[in-house]
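Coordinates in review
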Amino acid sequence: MKKLFLTISLLLLYSFAFSQNISGTVTDVQGTPLPGVSIMIEGTSNGTTTDFDGKYTIEASTSAVLTYTYLGMKTQTRQVGSNTTIDVTLQEDATSLDEVVVSVALGETAKKKSLANAVQAVSSEQLLEGNQNNMVNGLQGKVSGVTIASSGGVPGSSSVILIRGGNSITGNNQPLFVVDGIPIDNSTNSSLEVASTNRASDINPEDIEDISILKGPTAAALYGIQASNGAVIITTKKGKAGISKISYSGSLSVDKILGTPDVQTTYGQGEQDTEGDINPSSSFSWGEQISPGTPIYKNIDDFYKTAITQNHNVSYSTGNEKSNIYFSIGDVSQDGIIPSTSYDKTSFKINANSKFSKNLSIGISGNYINTKISSTKQGNATGGSFNSLLAYPVTVDAKDYLNPNGSQKAFYGGQEFDNPYWSIANSPNTDDVKRLIGVINLNYNFLNDFNLTYRVGTDDYNEFNKKVTGDGSLVDNREDGYISQFEKDYSRFTSTLMLRYNKEITEDFTLDAMAGNSVEELDIRTTTTTGDGFQAPGIYSIANVAMEDQSISELIQRKRIVGFFGELKLGWRDALFITATGRNDWTSTLPKDKRSFFYPSVGASAVLTDLFDISSDSGLNYLKIRGTWAKVGKDAPIGALESSLGKNLNGAASSAYAWNGVNVGNPNLEPEFTDSYEVGAEVRFLNNRISLDMSYYYSLSDNQILKDIRVPPTTGTFYATLNGGSIKNQGIEALLSAQILRPKNDGLFWSMDFNFGMNESTVEDLPGFLNEVYLSDSWTFRNSAAGAAILDGSLFGLRGKQPERDANGNMIIDTRDLPVLSDQTYTNVNRMPDWTLGITNNLSYKNMSLSFLFDIVQGQDIYNATESAMIYYGQSVNTLDRGQNITLTGVDADGNPKEVTRVKDQAYYTDYYSLNSQNFIEDGSFARLRYVTLSYKFPQQILDKLSLSALELYATGRNLLTITDYSGVDPEVNTFGAGISGAGSTYIDNLGTPNTKGFDLGLKFTF
């Protein structure tokens, strides 16, 4: 026994004597640390992984061999020997790059080489470049074929995202958003009165690991109804095995408005009567010339201020082979460029995953977000800040708005609008959202080749929105104040069950089959309350309004979708793939006999360089071709089958319910379908230094469901809901990536990405007699124009007031010697870009890095309703030719030739010129330097002293340069925001708040 004990002891001593701790750093050829590199002791199951900064520590004997593996890199080995420090540089492996996986439908992943459709991924680092609080804005210029338009610089304003144009004339054209496998809400409230945010902005960009953009119905066929416009698949961060870290990132931002319109300072307060005499008591600027020495006030310029934003994020993550966890807290506090406006968001995120046995794993994800917004009225709304500012001539100080007794001062007799500063202090508008997104995911492997996944998730939020006009208002019938508020309870429950079978049938042939079921239930309850007149001054509560002056309404919306789906993928030699999918949905928003419908897709991809062995390191590295076809269905909006009844329609009506001619339903609606196909190719050259991914696509959305479209009163109603019409989309998109400089070690590295997209959305057909469909919510100042879908024209077209003409094209002139105006369509106006190009540059040298994005948007038309309003008030520099004569030629109402010479007076500008929409359609093309970021990562010597594993400082400039011929302040405009569906209001400039330019200083560290 003693000998045995002695022998074991000697062996143990021998083992310890010849084992040692090995540490080091793993980087790529540019010297960038690689996190998550697997380091294994050859011939054993012992190993570790690199941390966030590419560092590792492992215990191994002197005779051990370490193996370093990382996706997309060539595997390397190192003999330990007497070394205690082993640094490794990994090089790209063209073969391994073919194994890159991306997030696809239903929370699953797939090899990118096997996909038959276009999918573009955006990493966390790419998304965070530019330091945007709204994660949708973080995608601007970074994804080919995707158009994103912000609705201005108001804190929390919404952003529209369109993938390959639009498929619906009156419905939602934005993609489905999916977080960790479950769909979430990205709706936007109406922005007609105040700016509203899109709900996807609730997601903290710091919590996102990566985003996959599924472009069009071919890529998102398995999601069915909801993804007919494509899908944005978001994967959030998780803990990683062998890495424990606490990270902080924070930034301080300073923002200023991009600019303000030019205001004339030649003429002062006053308006002209029919005799040409001037009444100085007016809100117009059509008065006499301003006398020298008269004080001039820059009311518009002085209204906006410098805004400060703080953004703080703290996260903790850890993990081992069996479990991992990620937890984060984020807080954004943003002041607006308009006094009293703000955006505050606090988020908590947890993501935990555990492997309970060899085959069973469970994951839980939870995200709680509280968003608070304070805003001012905008656009056409009574009391809109910009609209009110235009009513203050430059000779009147808008800041002088209080009487000695504290009441609001009117600067002329009969004023019926509120001072914008008074509104800021007395008419608050707030929005408070509390949201919870939760996911539970169970994954079970059995019988070697089978996998069962069940995922259940919920997206629930409560929103309380309040809009107030304070007592003491000068607005007619609002002297005692007014309140409008709603409380919205939104609940979306999703259940998905999938069974997958994956089998290598032979050495060359693989089979991947999947069948599944999904159930989604949507429940929205909205209670709206209004009150006219506060009983006690200054208390802005519905309880402070007399009961007889209150009104209340409740809207309940429910929807259920049940789907069964399947996918079959065949692979040959891991180079040729054929994929087919099918899905059948049952939806509650269609009639019983039409609520079930089926749609399939089929596609193929071939990696020619693998099939024919034609690749080489110095030439062609990779070549793949792909093609796919899909058909996707779409159901009706909630409540589209039934007509709404009204009560007490007029004073003579009884108290019974009656049809009021609006909110008209149609019990015979049918589903609409989109047929689409795309072909594409991916190619890489010169040891993967140059890569190109191109696609051509075509889609036809037929039998459209048109909701609440305006029809002639002769039909017996004002609105109608019906099937009819089709939209065609076709376009080209391309992603070109090039590594211009790819040195070894810490030399200068330079890469460029070019994201190109070109799309045309055409209205091929409309039902019956219609030649246009428009949404009245997009009417601009004084109803001069509105967004519209035009037959044989663009889905994103325009209709507006234009001079009437006879059969010979002669302008009809009325008895006032002014052209007669009427609402007409434009067949040649398109508010979507002809093409877009985002150029991203990344440069690094040792510890310094520089990145910037130059975004080019070309060919879209803008309707400048803001200029129309400025001309109406006499504020525009384009009215300085007042008093000059103009000759108009046409015919009178009877068709007789008529030529008149008249003065460009106030009536000419207000009754004709400012209403003629032809005068305000402009080319909105622009090129914008979206951001420039300079960062510095501190060297290891300093990190060791600070007990940190990473430390980075950065500075970012946003919207520093814009090149455009657009006469307005900002060509990237969408005043009404994402709340208007269908033809929408993108590139309509209507008295909104322009975007901002700003600077950020940021700090990131990890320990």
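Here's what I pulled together on the structure shown here. (Residues numbered from 1 in each chain as written. Predicted model: local features only at pLDDT ≥ 70, side-chain atom pairs only at ≥ 80, totals over all residues. Heavy atoms only, no water.)

Topic: the overall build of the protein
- When its secondary structure is counted, the protein shows 11 helices and 53 strands.
- Computed over its C-alpha atoms, the radius of gyration of the protein comes to 32 Å, within 12% of the 30 Å expected for a compact globule of 1007 residues.
- Principal-axis analysis of the C-alpha atoms gives the protein an extent of 125 × 65 × 60 Å.
- Considering the protein as a whole, with its 1007 residues, one finds that 54% of them fall into the buried category.
- Residue pairs in contact within the protein that sit at least 24 positions apart in sequence constitute 68% of those at least 6 positions apart.
- When the accessible area of the protein is evaluated, it comes to approximately 42400 Å², of which 54% is carbon and sulfur surface.
- Of note, the protein has its 78 positive side-chain charges centred 8 Å away from the centre of its 111 negative side-chain charges. (Helix = DSSP H or I, 4+ residues; strand = E, 2+ residues; numbered from the N terminus. Rg over C-alpha atoms; globule rule 2.2 N^0.38 Å. Buried < 20%, exposed > 50% of the residue type's maximum accessible area, 1.4 Å probe, protein only. Contact = heavy atoms within 4.5 Å. Areas by Shrake-Rupley, 256 points an atom, 1.4 Å probe, with all protein chains shown as cover. Lys, Arg positive; Asp, Glu negative; His and termini not counted. Charge placed at Lys NZ, Arg CZ, Asp CG, Glu CD.)

A short note on the pairing of strand β44 (residues 835-845)
- Judged from the nine bridges that link them, strand β39 (residues 749-765) and β44 form a sheet pairing that is antiparallel. Note that in β44 the partner of phenylalanine 749 across the bridge is serine 844.
- In this structure, β44 lies alongside strand β45 (residues 848-858), joined through 11 bridges in antiparallel fashion. Counted as the bridge partner of threonine 836 is valine 857 from β45.
- Hairpin geometry of β44 and β45 is characterised by an intervening segment of two residues between the two adjacent antiparallel strands and by a positive phi of about 55° at lysine 846. (Pairing = 2+ DSSP bridges.)

A word on the side chain of aspartate 970
- Turning to its location among the elements, aspartate 970 is positioned in the loop between β51 (950-964) and β52 (988-989).
- Under the relative-accessibility criterion, aspartate 970 is labelled buried at 3%.
- There is a polar contact of 2.7 Å between the side chain of aspartate 970 and the side chain of asparagine 995.
- Setting aside residues up to four positions removed in sequence, aspartate 970 forms contacts with Leu258, Arg928, Asp989, Pro994 and Asn995. (Polar contact = N/O pair within 3.5 Å; in protein donor to acceptor, adjacent residues only side chain to side chain.)

Things to note about the pattern of salt bridges
- Scanning the entire structure with this criterion turns up 44 salt bridges.
- Between lysine 111 and aspartate 574 there is a salt bridge, with its nearest N and O atoms 3.4 Å apart. Taken together, the positions of lysine 111 in strand β9 (residues 109-111) and aspartate 574 in the loop between β28 (550-572) and β29 (576-587) put the pair 463 residues apart, joining distant regions of the chain.
- A relative accessible area of 29% places lysine 111 in the partly exposed class.
- A salt bridge links arginine 902 to aspartate 905; the nearest nitrogen and oxygen atoms lie 2.6 Å apart.
- Overall, arginine 902 belongs to the buried group, its relative accessible area being 12%.
- Relative accessible area serves as the criterion here: at 22%, aspartate 905 is assigned to the partly exposed category. (Salt bridge = Lys/Arg side-chain N within 4 Å of Asp/Glu carboxyl O.)

Comments concerning the packing of aromatic side chains
- According to the stated counting rule, one finds 37 aromatic pairs in the structure shown.
- Look at phenylalanine 284 and tyrosine 872: their rings are 5.2 Å apart centre to centre, the planes differ by 70°, and that puts the pair in the edge-to-face class. Of the two residues, phenylalanine 284 is situated in the loop between β19 (278-279) and α5 (299-303) and tyrosine 872 in helix α9 (residues 865-873); the sequence distance between them amounts to 588 residues. Residue phenylalanine 284 shares its accessibility class with tyrosine 872, and that shared class is buried.
- An angle of 65° between the planes, with centres 6.2 Å apart, marks the rings of phenylalanine 411 and phenylalanine 417 as edge-to-face. Just as phenylalanine 411 is buried, phenylalanine 417 falls in that class too.
- Grouped by ring-pair contacts, the aromatic residues Trp286, Tyr863, Tyr908, Tyr909, Tyr912, Tyr913 and Phe920 constitute a single cluster.
- Above the plane of the ring of tyrosine 482 lies arginine 478, whose end atom (NZ or CZ) is 3.8 Å from the centre. (Phe/Tyr/Trp six-rings, centres within 6.5 Å; stacked < 30°, edge-to-face > 60°. Lys NZ or Arg CZ within 6 Å of the ring centre and 35° of its normal.)

Let's talk about the environment of valine 88
- Mapped onto the elements, valine 88 comes out in strand β7 (residues 88-89).
- It is 9.1 Å that separates the C-alpha atoms of valine 88 and threonine 77, two residues lying 11 residues apart in sequence.

What to know about unusual backbone geometry
- Non-glycine residue arginine 573 carries a positive phi angle of around 55°.
- Examined against the element boundaries, arginine 573 turns out to sit in the loop between β28 and β29.
- Of note, asparagine 687 is a non-glycine position whose phi angle comes to about 55°, a positive value.
- With respect to the helices and strands, asparagine 687 occurs in the loop between β34 (672-685) and β35 (690-702).

A few points about the sheet that holds strand β10 (residues 119-123)
- Reading across the sheet, the five strands line up as β10-β15-β16-β13-β14 and stay open at both edges, with mixed pairing between neighbours. Every interior strand has two partners, whereas the edge strands, β10 and β14 (182-184), have only one. The average undirected angle you get between the axes of adjacent strands in this sheet is 25°.
- Of the strand pairs in this sheet, strand β15 (residues 208-214) and strand β16 (residues 231-236) are connected by six bridges, and their pairing is antiparallel. Its bridge partner lying in β16, isoleucine 211 is registered against isoleucine 234. (Axes fitted to C-alpha atoms, helices over the stretch in contact; angles between N-to-C directions.)

Considerations on the sheet that holds strand β40 (residues 772-774)
- In spatial order, the strands read β40-β41-β42-β43; together these four strands make up an open sheet with antiparallel pairing. Of all strands in the sheet, those bounded by a partner on one side alone are β40 and β43 (821-826). Pairwise comparison of adjacent strand axes, ignoring direction, gives a mean angle of 45° for this sheet.

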